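Analysis of the macromolecular model
Given next are the chains, with one letter for each unit.
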Amino acid sequence: MNWSWITFLFAGRFLSSAVFFMYVGTLPFILSLWGLTATEAGIIQTGSVVGFGLALSISTYLSDFKNPSQILIFFSITNCLFALLFALLASDFISALILNFFLGLSQGGIYGPSMILVSEKYVPANRGKAMGLNIAGQSFGYGISLGLSFVLANLYSLQTAFLICSILTILGLLIFLAGLWKDLSKKYHFKKSIFKFDKKDDNKKNLIVSYSAHSVELFGMWAWLPVFLSIILLDIAELSPVVIGLLVGVVLHFSGFIANMIAGTLSDRLGRRFIMVLFALSSGLISFLIGWIVDWNWMIILIISILYSFFCIGDSSVLTASLTENTSRSVLGRALAFRSIIGIGLASITPAIFGYILDLSNNHQPIDTSTNWVYAFSFLGISGLIATYFAYKTKTKRI
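Residues numbered from 1 in each chain as written. Predicted model: local features only at pLDDT ≥ 70, side-chain atom pairs only at ≥ 80, totals over all residues. Heavy atoms only, no water.

1. With respect to the side chain of serine 145
To keep things clear, this is the line we draw: Helix and strand labels come from DSSP, where a helix needs a run of H or I of at least four residues and a strand needs a run of E of at least two; each type is numbered from the N terminus. Polar contacts, as counted here, are pairs of nitrogen or oxygen atoms within 3.5 Å of one another; within protein the pair requires one atom able to donate a hydrogen and one able to accept it, and residues that are adjacent in sequence qualify only if both atoms are side-chain atoms. Note on contacts: a residue pair qualifies if any of its non-hydrogen atoms lie within 4.5 Å across the two residues.
If you trace the backbone, serine 145 turns up in helix H7 (residues 124-155). A polar contact of 3.2 Å, which involves the side chain of serine 145, links it to the backbone oxygen of alanine 18. Filtering out sequence-adjacent residues up to four positions away, serine 145 remains in contact with Ser17, Ala18, Val19, Phe20, Phe21, Met22 and Cys165.

In structure tokens:
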């Protein structure tokens with residue numbers, strides 16, 4: 001593997017992602033400071049996911065015709081800009097919804113080309129590991145975003161938390177420029193005989209449906225597990241809010257950071273389908289379990305949540321590596337774009353649906369220690385089982 005190049009990509013992804021979950025990380029404070037209902041809070045995060053999915057579709061589509069390195073740098077610049085604007089201007093439901101949408105847009109525009117670049121530079125024998133490292137960098141940044149924003153908001157203010165996270169994106173842009181500088185002038189000339197992505201291929205359909213169901217579960221978990229843990233741990237664990245913020249970051253995204261590297265590497269050795277089924281089934285079952293454990297020992301809750309995040313996100317790199325291996329590079333951007341429209345499109349409404357189920361199953365009462373989480377998390381569990389079924393139906397070769 002070209003370790004030098006993937007190290008630059010990993011570091012750039014890590015730093016540029018350090019703003020994506022600063023809203024979610026500070027949500028326990030925002031709910032009261034901005035007077036938001038659970039549904040409104042979910043809609044703001046849904047705005048981010050909509051932007052993410054839209055830019056992911058556009059950036060991957062364009063990567064069939066334009067240099068993906070140039071597209072990645074463009075969205076890295078917008079990422080820095082909207083991160084700073086969010087820090088300075090977000091103060092209520094409307095402003096946060098608009099700015100979070102554009103933050104998501106920037107994040108999706110970085111993620112899309114990065115997958116294309118990894119598929120170009122690594123052969124199938126180690127592509128799972130390389131894709132895992134790419135997404136692990138993103139997960140590491142999400143963990144920093146979540147934990148750092150919670151701690152800084154608790155110690156100082158919301159704006160301080162947002163500003164510090166925003167500064168990290170500037171460092172990410174500089175690292176991207178250093179790592180991709182030689183690729184920025186690269187010209188692309190694809191075979192004109194291959195010009196259309198075949199949506200009717202059964203294997204591709206199964207991979208796309210599995211990814212879509214996986215995304216619904218993942219984005220719902222990402223948006224609401226931090227709130228679940230913050231409220232539960234603040235009530236039953238004798239820990240400071242700062243420690244809880246760090247623990248939530250570890251649970252949500254540092255476990256995902258490890259999961260992507262492990263899942264990607266194991267899929268190179270054991271086969272893509274086996275790992276996809278194992279991870280999807282495990283996360284789905286934990287989705288059904290987690291709403292019932294609010295009265296358990298806080299350390300057990302933490303361990304189950306770590307496993308939840310580990311299995312829920314670990315599928316991402318393997319699903320992506322599988323699709324790249326089943327698709328010609330000439331139409332890979334369009335294949336990933338189509339997958340994003342379906343998968344992220346469905347996932348974009350998940351945080352709002354989750355919040356709506358919470359409001360409905362709790363008679364629209366404020367979220368507290370007595371909140372019933374069972375129905376909302378079970379909704380995610382159904383998606384996990386769907387992802388498992390369609391992953392099982394795929395036909396992927398053991399490498």
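2. Observations concerning the nonpolar core
Threshold: What we call a nonpolar core is a set of buried Ala, Val, Leu, Ile, Met, Phe, Trp, Tyr and Cys residues that are connected through their side-chain atoms within 4.5 Å. Residue burial is assigned from relative accessible area. The probe radius is 1.4 Å, only protein chains are included, and a residue is buried under 20% of its type maximum, exposed over 50%, and partly exposed in between.
Counting 109 residues, the largest nonpolar core has Tyr23, Phe86, Trp224, Phe228, Trp373 and Phe377 as its most contacted members. Counting residues per element, this core draws most heavily on helix H9 (residues 202-236), which supplies 15 residues. Contacts of phenylalanine 377, omitting those with residues within four sequence positions, involve Leu225, Phe228, Ser287, Ile290, Gly291, Tyr308 and Phe354.

3. Considerations on the packing of helix H11 (residues 272-290) against helix H15 (residues 374-392)
Selection criterion: Only the stretch in contact is used when a helix axis is fitted, and all axes are lines through C-alpha atoms; the angle between N-to-C directions ranges over 0 to 180 degrees. Angles are sorted into four bins: roughly parallel if under 35 degrees, roughly antiparallel if over 145, roughly perpendicular if 65 to 115, and oblique for all others. Each crossing is labelled by how the near helix is turned from the far one, with a counterclockwise turn of less than a right angle marking it left-handed and a clockwise turn marking it right-handed. Each residue is assigned to one of three groups, with Ala, Val, Leu, Ile, Met, Phe, Trp, Tyr, Cys and Pro labelled nonpolar, Asp, Glu, Lys and Arg labelled charged, and all others, Gly among them, labelled polar.
The geometry of H11 relative to H15 is characterised by a closest axis approach of 7 Å and an angle of 165° between their N-to-C directions. Overall, the two elements H11 and H15 adopt an arrangement that is roughly antiparallel. As H11 runs across H15, the sense of the crossing is left-handed. Along its contact with H11, which presents Arg273, Met276, Val277, Ala280, Leu281, Gly284, Ser287, Phe288 and Ile290, the element H15 presents Phe377, Ser378, Leu380, Gly381, Ile382, Gly384, Leu385, Ala387, Thr388, Ala391 and Tyr392. Residues belonging to the contact of H11 with H15 are distributed by class as follows: 13 nonpolar, 6 polar and 1 charged.

4. Some remarks on the packing of helix H4 (residues 38-62) against helix H6 (residues 93-121)
One can describe the packing of H4 onto H6 by two numbers: an axis separation of 6 Å at closest approach and a directional angle of 30°. Note that H4 runs across H6; the crossing there is right-handed. Its residues placed into classes, the contact of H4 with H6 shows 15 nonpolar, 12 polar and 1 charged.

5. Description of the pattern of salt bridges
Pairing between side chains becomes possible if they bear opposite charge and their charged atoms approach one another. Threshold: Counted as salt bridges are all cases of a side-chain nitrogen of Lys or Arg within 4 Å of a carboxyl oxygen of Asp or Glu.
Under the defined criterion, the tally for this structure stands at 4 salt bridges. Residue aspartate 64 is joined to arginine 334 by a salt bridge in which the shortest nitrogen-to-oxygen separation is 2.7 Å. One end of the pair, aspartate 64, is in the loop between H4 and helix H5 (68-89); the other, arginine 334, is in helix H13 (residues 329-348), with 270 residues separating them in the sequence. Each of the two residues, aspartate 64 as well as arginine 334, counts as buried. The partner of aspartate 183 in a salt bridge is lysine 121, with the nearest N and O atoms 3.4 Å apart. Taken together, the residues span a long stretch of sequence, with aspartate 183 in the loop between helix H8 (158-180) and H9 and lysine 121 in helix H6 at a distance of 62 residues. Among the charged side chains, a network of salt bridges with common partners joins Asp268, Arg272 and Glu325.

6. Some points on the packing of aromatic side chains
Rules: Here a pair means two rings of Phe, Tyr or Trp (six-membered ring of Trp) with centres within 6.5 Å. Their orientation is stacked below 30 degrees between planes, edge-to-face above 60, and tilted elsewhere. Only Lys NZ and Arg CZ are tested; either one counts as a charge over a ring when it is within 6 Å of the ring centre and within 35 degrees of the ring normal.
Scanning all chains against the criterion turns up 29 aromatic pairs. Plain terms: the ring middles of phenylalanine 219 and tryptophan 222 are 5.3 Å apart, the flat faces sit at 75° to each other, and that makes the pair edge-to-face. Pair noted here: phenylalanine 219 and tryptophan 222 are both in helix H9, with a separation of 3 residues, about one helical turn. For phenylalanine 219, a relative accessible area of 5% puts it in the buried group. By way of ring pairs, the aromatic residues Phe20, Phe21, Phe52, Tyr111, Tyr142, Phe219 and Trp222 are connected into one cluster. Of note, arginine 273 hangs over the ring of tyrosine 392, and the distance from its end group to the ring centre comes to 5.2 Å.

7. Remarks on helix H1 (residues 3-16)
Counted only if it meets this: The span one expects for a helix is its residue count, reduced by one, times 1.5 Å.
Counted at 1.5 Å a residue, the expected span for H1 with its 14 residues is 20 Å, and the 20 Å between its end C-alpha atoms agrees. Extensive coverage of H1 is indicated by the burial of 10 of its 14 residues. Of the residues making up H1, those classed as buried are Trp5, Ile6, Leu9, Phe10, Ala11, Gly12, Arg13, Phe14, Leu15 and Ser16.

Read these as geometric descriptors, not functional statements.
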